[in-house]
Amino acid sequence: MGKVYEATVTAPVNIAVIKYWGKRDSALILPTNSSLSVTLSQDHLSTRTTIRASPDFTIDRLWLNGVEEDINASKRLVNSITTARKLREALEEKQKQDGIPAESVVPLSQWKIHVCSENNFPTAAGLASSASGYAALVSALGTLYELPQTTSELSRVARVGSGSACRSMFGGFVAWQAGIADDGHDSLAVQVADRQHWPELQALILVASDKKKAVSSTAGMQTTVETSSLFAERVRTVVPQRMEAMKEAIAKRDFETFAEITMRDSNQFHAVCLDTYPPISYMNDTSRAVAGLVHAFNSARGRTAAAYTYDAGPNAVIYALKSDMRDLVELFTYCFPREDSILPDAFYPDPFSIF
Ligand code: 2P0
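None of these values were measured; they are calculated from a predicted model.

Here we come to the overall build of the protein chain. Along the backbone of the protein chain there are eight helices and 15 strands. For a compact globule of 355 residues, the expected C-alpha radius of gyration is about 20 Å, and the protein chain comes in at 21 Å, within 12% of that figure. Here the C-alpha coordinates of the protein chain stretch approximately 70 × 45 × 40 Å along the principal axes. Counting only residues that meet the buried cut, the protein chain has 41% of its 355 residues in that class. For the protein chain, the proportion of contacts with a sequence separation of at least 24, taken over those separated by at least 6, is 71%.

Rendered as structure tokens:
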């Protein structure tokens, strides 16, 4: 039995406050616009991935939540693993050039790997499982292969797995710079501020449904690019302005501006989904009731005390400062009791829950 090398990492989910929606290159996963997100704590929503490499393994294998998946059936998995292997190969070459005896250079790039990945939340329910999944895969490969690349450089490898995954390579507040190059070298994630910069900011996730979404993000966003006329305006003028305003709000810890941009950007993202033909509708009646309640709460407080945002699914993420969060949790628990969904919708029968 040959030697086994192993690495385990955990990567958290991120929730965008300026949404990524649309690709200019589907193979390299290059976006039409920059985006910005908050990485959540890894205690709650995260993927834990262990990778082993051994000269005894005959094929690459991957288990997702205990079920084996065919790596070769996924171009994205193959792309990200192959890209990381090439970086390892370059490192091994460099080690030899630097005079390290060939027998001391571990040929990890030539060995097959076994990957075991577990999410601690429902997969593909609009809770960004591909983001934490590919970020964990690439971080684990980076650790296993002892790659010298920076986290931003490695975020390019996560990006070829799933766009939003590049942002989960960092904690705190993270921008994915769209870039302009055709080869994607400038399309990567950078940290705008770390988590400690704004510890009072909290996120609450309201699960309206943990069912798999009807239209995948990947398919939905390309239909939007092809058919929505509102989308062009969003990409050209709205997002560039919002990226700058959002970075400034984060730098100043200006919650009211952060919250307003977050809600407006979520609303515009869902508006371009509806402007897509055929239309895509990710929010449901419960999602809309939650948005209404947040606006009512803000009016009652006389300030923008909470923000909602929705991704490619009906679940809400609420951002608020710690000082307002207790009241919000009480309000949501009162209005949407766990055992009894307020809206008996045949398509979304799950109890509304908070975690
Ligand atoms: C985001 N979403 O910025 C946006 C908002 C969904 C709504 O990133 O095709 O799963 O793998 O690059 O990353 C979902 O898209 O799509 C997404 P691919 P991904 O978080």
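The rest of the description comes next.
What follows is about the sheet that holds strand β10 (residues 173–177). With antiparallel pairing, four strands are arranged side by side in an open sheet as β2-β5-β10-β11. Each edge of the sheet is formed by a strand with only one pairing partner; in this case those strands are β2 (14–18) and β11 (188–193). Neighbour to neighbour, the strand axes of the sheet diverge by 35° on average, direction disregarded. Judged from the four bridges that link them, strand β5 (residues 35–39) and β10 form a sheet pairing that is antiparallel. By the bridge assignment, Val 38 is partnered in β10 with Phe 173.

Quick look at the site of the ligand now. Surrounding the ligand, one finds 14 residues, the nearest of these being Ala 16, Tyr 20, Ser 162, Gly 163 and Ser 164. Considering only residue class, the shell around the ligand consists of five nonpolar, seven polar and two charged. Taken domain by domain, the makeup of the shell around the ligand includes at least three residues from each of domain 1 (5–196) and domain 2 (201–354).

Most of strand β13 (residues 306–310) is tucked away, with five of its five residues classed as buried. Taking every second residue as pointing to the same face, both faces of β13 are buried, with Ala 306, Tyr 308 and Tyr 310 on one and Ala 307 and Thr 309 on the other. Strand direction decides the pairing type here: β13 and strand β14 (residues 316–321), joined by five bridges, are antiparallel. Bridge pairing in β14 places Ala 306 opposite Ala 320. With antiparallel pairing between neighbouring strands as the criterion, β13 and β14 make up a hairpin whose turn holds five residues.

To continue, consider the domain arrangement of the protein chain. For the protein chain, the assigned domains are domain 1 (5–196) and domain 2 (201–354). With centres defined by C-alpha atoms, the gap from domain 1 to domain 2 works out at 27 Å. Here the element with the most residues in the side of domain 1 that touches domain 2 is β2; it accounts for three residues. For the side of domain 1 that touches domain 2, the residue count by class is 16 nonpolar, six polar and two charged.

This next bit is on the packing of helix α5 (residues 229–252) against helix α6 (residues 255–274). At their nearest, the axes of α5 and α6 sit 10 Å apart, and the two run at 160° to each other. When the axis of α5 is compared with that of α6, the two are roughly antiparallel. Pair α5 / α6 crosses with left-handed handedness. The residues of α6 that touch α5, namely those facing Leu 230, Phe 231, Arg 234, Val 238, Arg 242, Ala 245, Met 246, Ala 249 and Ile 250, are Thr 257, Phe 258, Ile 261, Asp 265, Gln 268, Ala 271 and Val 272. Here the contact of α5 with α6 is composed, by residue class, of eleven nonpolar, two polar and three charged.

Look at helix α7 (residues 285–301): 24 Å from first C-alpha to last across 17 residues, which is about the 24 Å you get at 1.5 Å a residue. Turning to α7, its buried residues number three or more, namely Thr 286, Ser 287, Val 290, Ala 291 and Val 294. Buried residues of α7, seen end-on, are gathered within an arc of 145° and therefore sit on one face of the element. The exposed residues of α7 that point more than 90 degrees off its buried face are Gly 292, Ala 296, Ser 299 and Ala 300. For α7, the elements touching its buried residues are β12 (201–207), β13 and β14. Among the residues trailing α7, Gly 302 stands out with phi positive, at a value near 70°.

On a regular strand, one side chain projects to one face of the sheet and the next to the other, so that they alternate. When you tally the buried positions in β10, you get four out of five residues, the bulk of the element. Of the pairings in the sheet, the one linking β10 to β11 comprises five bridges and is antiparallel in character. The residue of β11 that forms the bridge with Gln 177 is Leu 188.

With that out of the way, let us pick up the environment of Ile 71. Within the fold, Ile 71 resides in the loop between β8 (67–69) and α1 (75–97). Here the alpha-carbon distance between Ile 71 and Asp 60, two residues eleven residues apart in the chain, equals 7.2 Å. The residues contacting Ile 71, other than those within four sequence positions of it, are Asp 60, Arg 61, Leu 62, Leu 77 and Val 78.

When you line up the elements, Thr 223 lands in helix α4 (residues 217–227). By the C-beta count within 10 Å, which is 16 here, Thr 223 ends up partly exposed. For the pair Thr 223 and Tyr 277, spaced 54 residues apart in sequence, the C-alpha separation works out to 7.2 Å.

Spacing of three or four residues puts side chains on the same side of an α-helix, whose turn is 3.6 residues. Here helix α2 (residues 129–144) is 16 residues long and its end C-alpha atoms lie 22 Å apart, about the 22 Å a rise of 1.5 Å per residue gives. The element α2 is extensively covered by neighbouring structure, given that 15 of its 16 residues are classed as buried. Directly beyond the C-terminal end of α2, a positive phi value near 50° is found at Glu 146.

How each quantity is defined
The residue numbers shown here count from 1 along each chain, following its written sequence. In view of the model being predicted, local features appear only for residues whose pLDDT reaches at least 70, and side-chain atom pairs are presented and counted only at 80 or more, with totals across whole chains, interfaces and linings using the full set of residues. The way it works is that DSSP assigns letters per residue, a run of H or I at least four long becomes a helix, a run of E at least two long becomes a strand, and they are numbered from the N terminus. Throughout, radius of gyration means the C-alpha value; the globule benchmark is 2.2 Å times the number of residues raised to the power 0.38. Think of it as a crowd count around each C-beta: if 20 or more other C-beta atoms lie within 10 Å the residue is buried, if 12 or fewer it is exposed, and in between it is partly exposed, with C-beta placed from the backbone throughout. A residue pair is marked as a contact if its C-beta atoms, positioned from the backbone, fall within 7 Å. Strands are treated as partners if at least two bridges between them are detected by DSSP. To obtain an axis, a line is fitted to C-alpha atoms, over the contacting stretch when the element is a helix, and the angle between two such axes runs from 0 to 180 degrees between their N-to-C directions. Near residues are defined by distance alone, with the backbone-placed C-beta atom required to lie within 6 Å of the molecule or strand. For this classification, the nonpolar set comprises Ala, Val, Leu, Ile, Met, Phe, Trp, Tyr, Cys and Pro, the charged set comprises Asp, Glu, Lys and Arg, and every other residue, Gly included, is treated as polar. Domain limits in this description derive from either an automatic procedure or a database domain assignment. Roughly parallel means an angle under 35 degrees; roughly antiparallel, over 145; roughly perpendicular, 65 to 115; everything else is oblique. Take the far helix as your reference; a near helix turned counterclockwise from it by less than a right angle gives a left-handed crossing, and one turned clockwise gives a right-handed crossing. Expected span, for any helix, means 1.5 Å times one less than how many residues it has. The arc in question is the one spanned by the directions pointing from the helix axis to the C-beta atoms.

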